[in-house]
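Residue-level structure breakdown
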Amino acid sequence: MNGEFAIEARGLTKRFGDLEAVSHLQLNVPRGQIYGFLGPNGSGKSTTIRMLCGLLTPTEGSATVLDTEIPGDAKLLKPKIGYMTQKFSLFGDMTVLENLQFIAEIYSFPTKERKARVEELLDKYNLVAQRKQLAGTMSGGQRQRLALACSVLHRPPLLLLDEPTSAVDPQSRRDFWSDLFRLAEAGTTILVSTHYMDEAERCHRLAILDHGAKVADGTPTELQQSTGMHIIEVRADDPYRAQAVISAIPRIASVTQLGVRLRVLLPETVDDPVAIVNSALRNAGLDVTAKLSTATLEDVFVAVTLKPARQAA
Amino acid sequence: MKSLSRILAILRKEVRQLRRDHLTFGMVVGLPVVQMLLFGYAINTDVRNLRTAVADQAGTHLSRQFVAELGQTQVVDIIDHVDSPQQLEDLLRQGKISIGVHIPHDFDRRAIDRTRTALHLLVDGSDPTILGVAKQLSMMPIGFDSVNTIDMGPPPIEVRPYYNPERRTPVNIVPGLMGVILTMTMILFTAVAIVRERERGNLELLINTPVSSAELMIGKVVPYVLIGMIQLALILGVGRLLFDVPVRGSVVDLYLAAAAFIAANLSLGLFISTAAKTQFQAMQMTVFILLPSILLSGFMFPFEGMPQFAQWLGELLPNTHFIRLTRGIMLRDAGIGELLSELVFLLVFTVVAMSAAALRFTKRLD
């Protein structure tokens, strides 16, 4: 426990053939915080996590994870990290209790404390009633709790969670996150990847990944305040036509429909954006009004992932 | 009409998927071709080049002429000349020859006197095909002139079948069957056991724990060694109780041989597990190994009767060597020391396959 950061990545790169899955990633994850990886599928979240726990060797660059150098002797790292895979990876044909006991044995958890630790986890993660149930027959939320319990069994100071809630209902997700906050409170550093905006919002800090590159990072508030975009919300009876009209406005960055609302993004360098949108709509004979709004994390995401495409165009 | 277009849709989908599944496609094309070649060449009932040794105690012109004529039939391949019938028996037991020709010192006199057998063919009777060939050989005329061959009387050549005097098929089949059953179960069990964990994602969890690749492999393989030993006991027990198949040699030797064979198959299973992506692929690959293990190992057809290239292929299969070991130990009371080269092959095979699997396994994490 020397450095300020649990994870420091310097130019971390992974190529699979011609595909650059992760590109020159710089990363500083402070200790004891929940750090989010937000990005669409294929943006390099899983690949990065796999490099950080020593499963994949980086093509270029390096990282320091809990004072262990990557690439290097990942063996030293394994007892210190807990890892939760995207897909449920515990044994479906073993009971909850058997799975926990197996993990305790694999991590050489002290024999004397083993039983107490397993009971403690069953209780903490609300699995007491399922202890004799086969893991494969449990609901998504229960499996998730079991997977989390298994990944923290050996009390690792760092947790790497790869889209842990992708197959879980909203209530279970909320419960899951309160578990994460409890762990962070106790000093565990947590790196969690997600493609849910509401989850990203709960993180202390987050990095947005797109096509293998980090396109933004900071606290959720910082990110919302520095999109470099005007955010305009339009309420329309005929949002489909309104969208077509707005898309035709020059320099428009993006239009997203949310039910009867439209979220419109225009670069900050455009003066008087509301007037531009309103006049375009009026000229088209649409009786709707646009007004300025503040950025949500989704707007941030749209703004930062659009940039490279715009520049390329 | 709607029904037809739906059927066509499914048909097209099926063909499309099949074309992308290279392994299945390979089986569709490869299996018939390979099978035809194997069956066509390997299934050859006119056995040739049976390894034969001669103990010519007569050493006369007549005996030498007989041996020369025997060689010219091409049915036998005379690989050795020894002094006594005991040495022939030794060679037979060690599996080095299939037929021993014993020509007694009074051969010339016996050949004229049609009431006595002129010479003996000592035959490894555990294989009925070889025995049949020997029977045909015994009809060969011993001729210094053609007149004598028309003479009445029993053939002057006596066939002495060793190891399976009652000529019962199970005695020949069971030792070989042991190898076939163990090949099938051992390769399949290990290959599937690991591929299943990869399919289910368990492996990604396991390799993130402090468990090393070696620990993981040993832990996964050891239970199957025990299962193999249990299977062996079952086959031996059933063979004994129902078919009265003997174990003439040492059971300890048999288990030693089986341990080496199981190890070889498990390593092969591990290797397959590193190559197969799905359990189905693992099964397909097992079939690829299993077929030649049945056809080319000497289990179904006498090894010596197969064409050279089939023999080379056969020599690479663990089952070929295991069948030689089991037939030797069970039927011919051979000690494992006499069959050492077969045992050594199995051990070398294990080391090679295991190393290849370990190399590929660590690579697959990347």
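Note that the structure is predicted; figures quoted are calculated from it, not measured.

A look at the overall build of chain A
Counting its secondary structure elements, chain A contains eleven helices and 14 strands. Summarising its shape, the C-alpha atoms of chain A cover approximately 75 × 45 × 35 Å along the three principal directions. Within chain A, buried positions represent 43% of all 313 residues. Considering only contacts in chain A between residues 6 or more positions apart, those separated by 24 or more positions represent 69%.

Re the overall build of chain B
Counting secondary structure elements, chain B contains 15 helices and five strands. Taken along the three principal axes of its C-alpha coordinates, chain B extends 80 × 60 × 35 Å. Looking at chain B residue by residue over its 366 residues, the buried ones come to 39%. A sequence separation of at least 24 residues applies to 78% of the contacts in chain B between residues at least 6 apart.

A closer look at the domain arrangement of chain B
All names here are of chain B. Along its sequence, chain B is organised into domain 1 (50–162) and domain 2 (169–364). Using C-alpha coordinates to define each centre, domain 1 is positioned 38 Å away from domain 2. At the interface, eleven residues of domain 1 touch 14 residues of domain 2. Among the secondary structure elements, those contributing two or more residues to the side of domain 1 that touches domain 2 are strand E1 (50–56) and helix H6 (128–137). The element that contributes the greatest number of residues to the side of domain 1 that touches domain 2 is H6, accounting for three residues.

Re the pairing of strand E8 (residues 189–194) of chain A
Residue and element names in this part refer to chain A. Across the six residues that make up E8, a large majority, six, are buried. What you see with E8 is no split at all: Thr-189, Leu-191 and Ser-193 on one side and Ile-190, Val-192 and Thr-194 on the other are buried throughout. The pairing of strand E3 (residues 34–38) with E8 spans five bridges and is classified as parallel. Bridge pairing in E8 links Ile-34 to Ile-190. With five bridges connecting them, strand E7 (residues 158–162) and E8 associate as parallel partners. Residue pairing across strands places Leu-160 opposite Leu-191, the latter belonging to E8. The parallel pair E7 and E8, bridged by helix H6 (residues 170–185), forms a crossover whose chirality is right-handed.

Describing the pairing of strand E11 (residues 229–235) of chain A
Residues and elements named next belong to chain A. Burial analysis of E11 places five of its seven residues in the buried class, which makes it a mostly covered element. Here E11 runs beside strand E13 (residues 261–267); their pairing, made up of seven bridges, is antiparallel. Paired with Ile-232 across the strands is Val-264, a residue of E13. Strand direction decides the pairing type here: E11 and strand E14 (residues 289–293), joined by five bridges, are antiparallel. Paired with Ile-232 across the strands is Leu-292, a residue of E14.

Description of the interface of chain B and chain A
Facing the twelve residues of chain B at the interface are 16 residues of chain A. No other element matches the three residues that helix H9 (residues 202–206) of chain B contributes to the side of chain B that touches chain A. Partitioned by chemical class, the residues of the side of chain B that touches chain A number five nonpolar, four polar and three charged.

Remarks on the sheet that holds strand E5 (residues 157–162) of chain B
Residue and element names in this part refer to chain B. Strand order across the open sheet formed by five strands is E2-E1-E3-E4-E5, with mixed pairing between neighbours. In this open sheet, the two strands that pair with only one neighbour each are strand E2 (76–82) and E5. Across the sheet, the axes of successive neighbouring strands diverge by a mean angle of 25°, strand direction being ignored. As defined by bridge partners, strand E3 (residues 99–103) adjoins strand E4 (residues 119–124) across four bridges and the pair is classed as antiparallel. For Ile-99, the partnering residue across the bridge sits in E4 and is Val-123. Strands in contact with helix H3 (residues 61–72) are E1, E2 and E3; relative to E2, the strand with the most contacts, it is inclined by about 145°. Packed on one face of the sheet, H6 meets E1, E3, E4 and E5 and runs near 165° to E4.

Considering the packing of helix H11 (residues 251–275) of chain B against helix H14 (residues 318–332) of chain B
Residue and element names in this part refer to chain B. At a minimum axis distance of 10 Å, the contact between H11 and H14 shows a crossing angle of 170°. One finds that H11 runs roughly antiparallel with respect to H14. Residue-level contacts link Asp-253, Leu-254, Ala-257, Phe-261, Ala-264 and Asn-265 of H11 to Pro-318, Phe-322, Leu-325, Thr-326, Ile-329 and Met-330 of H14. Looking at the contact of H11 with H14, its residues break down into nine nonpolar, two polar and one charged.

Remarks on the nonpolar core
Core analysis: the biggest nonpolar cluster contains 89 residues, and Ala-149, Leu-160 and Leu-191 of chain A have the highest contact counts within it. Taken domain by domain, this core gets at least three of its residues from each of domain 1 (5–94 + 147–219) and domain 2 (228–294) of chain A. Setting aside residues no more than four positions away along its own chain, Leu-160 of chain A makes contact with Ile-49, Leu-52, Cys-53, Ile-81, Tyr-83 and Leu-191 of chain A. Core analysis: the next-biggest nonpolar cluster, separate from the first, contains 52 residues, Val-174, Phe-189, Phe-261 and Ala-264 of chain B among them.

Quick notes on the rules
For every chain, the first residue of the written sequence is number 1, and numbering continues from 1 onward in sequence order. Starting at A for chains and at 1 for ligands, labels are handed out in the order in which the entities are written. Predicted model: local features are reported for residues with pLDDT of at least 70 only, side-chain atom pairs are reported and counted for 80 or more only, and whole-chain, interface and lining totals are derived from all residues. In this text, helices come from DSSP runs of H or I with a minimum length of four residues, and strands from runs of E with a minimum of two, each type numbered from the N-terminal end. Burial in this document is a count-based property: other C-beta atoms within 10 Å of a residue's C-beta are tallied, and the residue is buried at 20 or more, exposed at 12 or fewer, or partly exposed in between, with C-beta positions derived from the backbone. We call two residues in contact when the distance between their C-beta atoms, placed using the backbone, is within 7 Å. Start and end positions for the domains come from either an automated domain assignment or a database one. Here, any two strands with at least 2 DSSP bridges between them count as paired. If you view a crossover with the strands going away from you and the path from the first strand over the helix to the second runs clockwise, you call it right-handed. Throughout, the ten residues Ala, Val, Leu, Ile, Met, Phe, Trp, Tyr, Cys and Pro are labelled nonpolar, Asp, Glu, Lys and Arg are labelled charged, and all others, Gly among them, are labelled polar. As a rule, the C-alpha atoms of each element are fitted with a line to give its axis, helices using only the stretch in contact, and angles between N-to-C directions run from 0 to 180 degrees. The cut-offs work like this: below 35 degrees is roughly parallel, past 145 is roughly antiparallel, 65 to 115 is roughly perpendicular, and the gaps in between are oblique. By our criterion, buried Ala, Val, Leu, Ile, Met, Phe, Trp, Tyr and Cys residues that link up through C-beta atoms within 7 Å make up a nonpolar core.

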